[in-house]
Amino acid sequence: MKQKIAVFPGSFDPITLGHIGIVEKALPLFDKIIVAIGENSGKNSLFSLDEKLKQVHTAFKKFPKVEVASYKGLTVDFCHHQKAEFILRGLRDVKDFEFEKSIAAMNAQLNNGIQSIFLMTQPEFAAINSSIVREILKNKGDASAFLPNEILKLITIK
Ligand code: ADP
């Protein structure tokens, strides 16, 4: 039988409990989930790609169905290359919904063989946002409510 493969694309700068919660919810739906760090030239990251790969690997090391990768270029092209028919995205609120709706529509135009699947965040993670977490980390605040401990331990801010 054909494997059900999903790509969970994002910046993951850094990966948070919200992202991890979405993958955990999606695990029963797919045979494999590829958490894929997009190397988006337009975005200024706090963490290098190597640091993000290490963080994401650490976050999912206990999940055999989860693979970690990075990619450049279009998400649909990366999915095609990975033989993935699904793009997984998380929704926190209507703002995410509006934003994700346009990305999904554009991706469907680019490749109609790839379906976007949306899962709602757990309520306790709905306020978690990578850009606020970056500000907390840069200002040496306590980010322990937003990131797993094993990831916090990896983080050193220059
Ligand atoms: P992008 O820059 O592509 O938005 P992110 O790393 O910010 O990448 O997010 C990747 C995906 O995770 C997106 O679908 C986003 O909506 C979702 N996401 C981000 N934070 C949360 C959260 N706290 N709970 C659920 N989903 C989230």
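Now for a quick tour of the structure. (Residues numbered from 1 in each chain as written. Predicted model: local features only at pLDDT ≥ 70, side-chain atom pairs only at ≥ 80, totals over all residues. Heavy atoms only, no water.)

1. A word on unusual backbone geometry
Going from D13 to P14, the amide bond is cis rather than trans, its omega being 0 degrees. Within the secondary structure, P14 is located in the loop between β1 (5-10) and α1 (17-26). Positive phi is not limited to glycine here, since F12 has a value of about 50 degrees. You can see F12 is positioned in the loop between β1 and α1. (Helix = DSSP H or I, 4+ residues; strand = E, 2+ residues; numbered from the N terminus.)

2. Points about the side chain of K52
When you line up the elements, K52 lands in helix α2 (residues 49-60). Despite its burial, K52 pairs with no opposite charge, the nearest such side chain being D13 at 4.3 Å. In terms of polar contacts, K52 uses its side chain to reach the side chain of S45, at 3.2 Å. Aside from chain neighbours lying at most four places away, what touches K52 is S11, F12, D13, I37, S45 and F47. (Buried < 20%, exposed > 50% of the residue type's maximum accessible area, 1.4 Å probe, protein only. Lys, Arg positive; Asp, Glu negative; His and termini not counted. Salt bridge = Lys/Arg side-chain N within 4 Å of Asp/Glu carboxyl O. Polar contact = N/O pair within 3.5 Å; in protein donor to acceptor, adjacent residues only side chain to side chain. Contact = heavy atoms within 4.5 Å.)

3. Considerations on α2
An ideal rise of 1.5 Å per residue puts 16 Å on twelve residues; α2 measures up with 17 Å between its terminal C-alpha atoms. Buried residues along α2 sit against α1, β2 (32-38), β3 (66-71) and α6 (149-152). (Expected span 1.5 Å × (residues − 1).)

4. Here's the deal with the sheet that holds β3
Think of a sheet as strands paired side by side through backbone hydrogen bonds, with each pair either parallel or antiparallel. Strand order in the open sheet formed by five strands is β3-β2-β1-β4-β5, and the pairing between neighbours is parallel. With partners counted over all chains shown, the strands left at the sheet margins are β3 and β5 (115-120), one partner each. For this sheet, the mean angle separating the axes of adjacent strands, direction not counted, is 30 degrees. With six bridges connecting them, β2 and β3 associate as parallel partners. Across the sheet, the residue bridging to V35 is V68, located in β3. Relative to β3, α2 is tilted by about 165 degrees, and along the sheet it contacts β2 and β3. (Pairing = 2+ DSSP bridges. Axes fitted to C-alpha atoms, helices over the stretch in contact; angles between N-to-C directions.)

5. Notes on the site of the ligand
Taken together, 17 residues are adjacent to the ligand, and S11, K43, G90, F125 and I128 come closest. One of the side-chain N or O atoms of R92 is found 3.1 Å from a nitrogen atom in the ligand. Starting from 540 Å² of accessible surface for the ligand in isolation, the protein chains cover 90%. Of all the secondary-structure elements, those providing two or more residues to the shell around the ligand are β1, α1, β4 (86-91) and α4 (94-110). Taken together, the residues that form the shell around the ligand break down as six nonpolar, six polar and five charged. (Near = heavy atom within 4 Å. Areas by Shrake-Rupley, 256 points an atom, 1.4 Å probe, with all protein chains shown as cover. Nonpolar A, V, L, I, M, F, W, Y, C, P; charged D, E, K, R; others polar.)

6. Here's the deal with the packing of aromatic side chains
Both the distance between ring centres and the angle between the ring planes are used here to describe each pair of aromatic rings. The final tally for this structure, using the stated rule, is four aromatic pairs. Note on F30 and F86: the rings are 5.5 Å apart at their centroids and 50 degrees apart in plane angle, and the pair reads as tilted. Linking F30 in the loop between α1 and β2 with F86 in strand β4, this pair joins segments that are 56 residues apart in sequence. Overall, the relative accessible area of 16% leaves F86 in the buried class. Taken together, a centroid distance of 4.8 Å and an interplanar angle of 20 degrees make the contact between Y71 and F78 stacked. As far as the burial class goes, Y71 and F78 line up, both buried. (Phe/Tyr/Trp six-rings, centres within 6.5 Å; stacked < 30°, edge-to-face > 60°.)

Read these as spatial facts, not as claims about activity.
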